[in-house]
Amino acid sequence: MKKYILALDQGTTSSRAILFDKSGTICSSKQLEFTQIFPEPGLVEHDPMEIWLTQLTTAKLAMSSIGAQATDIAAIGITNQRETTVVWNKNTGIPIYNAIVWQDRRTSDMIDELKSKGYAEIFKKKTGLVLDAYFSGTKLKWILDNVTNARKLAENGELAFGTVDTWITWNLSNRRCHVTDESNASRTLLFNIHTGKWDEELLKILDIPANILPEIVPSSGEIGEASSGLFGDRIPITGIAGDQQAATFGNMCIKPGMVKNTYGTGCFLLKNTGENALESKNNLLTTTGWQINGKRNYCLEGSVFIGGAVVQWIRDGMKFIEESSEIETLATSVPDNGGVYMVPAFAGLGAPHWDQYARGLVIGITRGTTQAHMARAALESIAFQVSDVVNAMRSDSGIDLSALRVDGGACKNNFLMQFQADILNTIVERPTCLELTALGAAYLAGLAVGFWNSIEELEQVWQVERIFEPKMADSERQELLSNWQEAVKRAQGWVK
């Protein structure tokens, strides 16, 4: 009897490996950080070899710490930082350039040029994405255009492109599997989310040869095998999903209308829209959630740039607290925000405003304003931003919110979760396991090998730790939201 699923969670700043048992309990977890490379302002890179080695090392450490052998592991599930782009030589296995990270802005001019040629609408219709330097396609084009001999090597069929899931799987399988799943493919600007295929017209616009693209495989299914040379025996690789889609599946948001929010540095909200790829009228992205048994599940996605990062700013910039966890005590030492509102547009505003010229603002300060009011306004700002995205999702889908399922570090804050429930006027469900990204990858892998027999069984595995119910009066909610909207207007368009 196999005891564990091994989830490989390859993130932006660290690689992690977690072993889950049948009850969804974490049996072992290891994490290693890796180098962040900033060649110049606005550029962010990683060393793909360091990504691979830290990921492999965490897997081995997680196994050895509880004496697990390859024969104890039913399958491997992979989840990853999305949009980060790797190109390598198929013959040598060596990357021809550093990985260009999702945060990297070097292709902004290329994006402006594509928009000026009128391509924005065709990309949106086919990929569900807005034209932005965030996604992989223009990063790949940049590597082909700027790295010596890259185009020639590509023409000769010697190069392979992939997002981080592809790179990890290729190395795990001893170079046998050059694959990606639909959730990752849907973040490249090259993939048609309606046909489930790489799109020839988009490849032509970006001048990208089809021969360097990975094969598209299901998010849950027989994908490949980890080489026996790595772990002493072969282990099936049966699950792949980008981090936000994996967290959505891990939170069991599997029915249309269900929404999850990850409270990390930023906030990522995904709303399940079932088999309908809804085109957003409110600046949200349409993305593939996952593909299982030939059925594609779509989501609407909205990103808030500054979520938990506002707490770090209160700690490191303002020096109001020494530990992030102290903000809750400080914020709840006053009965309300004292009329103070904070718009944390430190890097502009994300969905649904998409204003890169907005900047941070604190308004409503009087002589009576204290550090506690500022701390409270900072926490409330996270919930207000989430509420803006939820309202955009309501408007796009016509489906109301039944509950918000949460994960990520900041969801441990009880005040924030209660205020979120109040401001949305809906229940907030916080699960027992907060490692939802890794858990989602484990679920996808485990389903494919019968470790769990059905999604219904997984719904029994998913456990809620606490439910926050709205308690706020409608009049108070409306006043808070009205003041927030006014504050946002005043923060917008600040940088000329």
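Keep in mind that this is a model prediction, so the values were computed, not measured.

Calculation criteria
Numbering of residues starts from 1 in every chain and runs along the sequence as written. Selection of residues for local features in this predicted model requires a pLDDT of at least 70, selection of side-chain atom pairs for listing and counting requires 80 or more, and totals for whole chains, interfaces and linings are taken over all residues. Note that the side-chain values use all heavy atoms of the structure and ignore hydrogens as well as water. Put plainly, a pocket is an open set of points on a 1 Å grid over the protein atoms alone with protein on both sides within 12 Å along at least five of seven lines, a cavity is a set where a 1.4 Å probe fits but cannot get out, and a lining residue has an atom within 4 Å of a point. Grid points are joined across faces, edges and corners, and a volume is the space filled by probe spheres set on the points. Only runs of H or I of at least four residues qualify as helices and only runs of E of at least two qualify as strands under DSSP, and these elements are numbered from the N terminus. Per-residue accessibility, obtained with a 1.4 Å probe over protein chains only, is compared with the maximum for each type, and a residue is labelled buried under 20%, exposed over 50%, and partly exposed between these values. Any pair of N or O atoms that falls within 3.5 Å is considered a polar contact. Within protein, one atom must be able to donate a hydrogen and the other to accept it, and sequence-neighbouring residues count only if both atoms are side-chain atoms. A contact between two residues is defined here by any heavy atoms of the two lying within 4.5 Å. For this classification, the nonpolar set comprises Ala, Val, Leu, Ile, Met, Phe, Trp, Tyr, Cys and Pro, the charged set comprises Asp, Glu, Lys and Arg, and every other residue, Gly included, is treated as polar. The angle between two axes is taken between their N-to-C directions and runs from 0 to 180 degrees, where each axis is a line fitted to C-alpha atoms and a helix contributes only its stretch in contact. Orientation is classified from the angle alone, with under 35 degrees giving roughly parallel, over 145 giving roughly antiparallel, 65 to 115 giving roughly perpendicular, and any other angle giving oblique. In this scheme the handedness of a crossing depends on how the near helix is turned from the far one: anticlockwise by less than a right angle means left-handed, clockwise means right-handed. Buried Ala, Val, Leu, Ile, Met, Phe, Trp, Tyr and Cys residues that are joined via side-chain atoms within 4.5 Å together make up what is termed a nonpolar core.

Enquirer: Can you break down the layout of surface pockets residue by residue, with the values?
Expert: In this structure, the second largest pocket spans a volume of roughly 360 Å³. What lines the second largest pocket is a set of 15 residues, among which Trp290, Ile292, Lys295, Asn297 and Ile455 lie closest to the centre. For the lining of the second largest pocket, the secondary-structure elements that each account for two or more residues are β13 (220-226), β17 (285-292), β18 (295-304) and α15 (436-448).

Enquirer: Got a sec to walk through unusual backbone geometry? Specific residues and values, please.
Expert: Ala351 connects to Pro352 through a cis peptide bond whose omega is -5°. Secondary-structure assignment places Pro352 in the loop between β19 (341-343) and β20 (361-363). Unlike most non-glycine residues, Asp207 shows phi in positive territory, near 55°. You can see Asp207 is positioned in the loop between α8 (200-206) and β12 (215-217). In this structure, Lys319 takes a positive phi of about 60° despite not being glycine.

Enquirer: Give a description of the side chain of Glu45 that names residues and reports values.
Expert: With respect to the helices and strands, Glu45 occurs in strand β4 (residues 45-46). Exposure remark for Glu45: the relative accessible area of 4% places this residue in the buried category. A distance of 3.0 Å separates a polar atom in the side chain of Glu45 from a polar atom in the side chain of Asn98. A polar side-chain atom of Glu45 sits 2.8 Å from a polar atom in the side chain of Arg106. With residues near it in sequence (within four places) discarded, Glu45 still touches Thr35, Gln36, Ile37, Pro39, Tyr97, Asn98, Ala99, Val101 and Arg106.

Enquirer: Break down empty space enclosed by the protein for me, with residues and values.
Expert: Rolled over the atoms, a probe as big as a water molecule pinpoints where empty space is left. Summed over the entire model, instances satisfying the criterion amount to one cavity of 30 Å³ or more. Looking at the largest cavity, its volume works out to about 40 Å³. Forming the boundary of the largest cavity are Val304, Leu349, Gly350, Ala351, Pro352, His353, Gln385 and Asp388. Tallied by class, the residues present in the lining of the largest cavity amount to four nonpolar, three polar and one charged.

Enquirer: Residues and numbers for the side chain of Thr437, please.
Expert: Within the secondary structure, Thr437 sits in helix α15. Among all residues touching Thr437, those that are not within four sequence positions of it are Asp9, Thr79, Asp243, Ala246 and Ala247.

Enquirer: Give me the lowdown on the packing of helix α13 (residues 371-397) against helix α14 (residues 414-424), citing residues and values where you can.
Expert: Packed helix pairs are characterised by how far apart their axes lie and by the angle those axes make with each other. It is the contact of α13 with α14, at a shortest axis distance of 9 Å, that shows an interaxial angle of 40°. When the axes of α13 and α14 are compared, the pair comes out oblique. Helix-helix and strand crossings are classified by hand; for α13 and α14 the assignment is right-handed. In this structure, α13 uses Arg376, Leu379, Glu380, Ile382, Ala383, Phe384, Val386, Ser387, Val390 and Arg394 to contact α14, whose residues at the interface are Phe415, Leu416, Phe419, Gln420, Ile423 and Leu424. Looking at the contact of α13 with α14 residue by residue, the classes come out as eleven nonpolar, two polar and three charged.

Enquirer: Describe the nonpolar core, with residues and values.
Expert: Residues Tyr263, Val343 and Ile423 are the most contacted members of the largest nonpolar core, which totals 62 residues. Counting residues per element, this core draws most heavily on α13, which supplies 14 residues.

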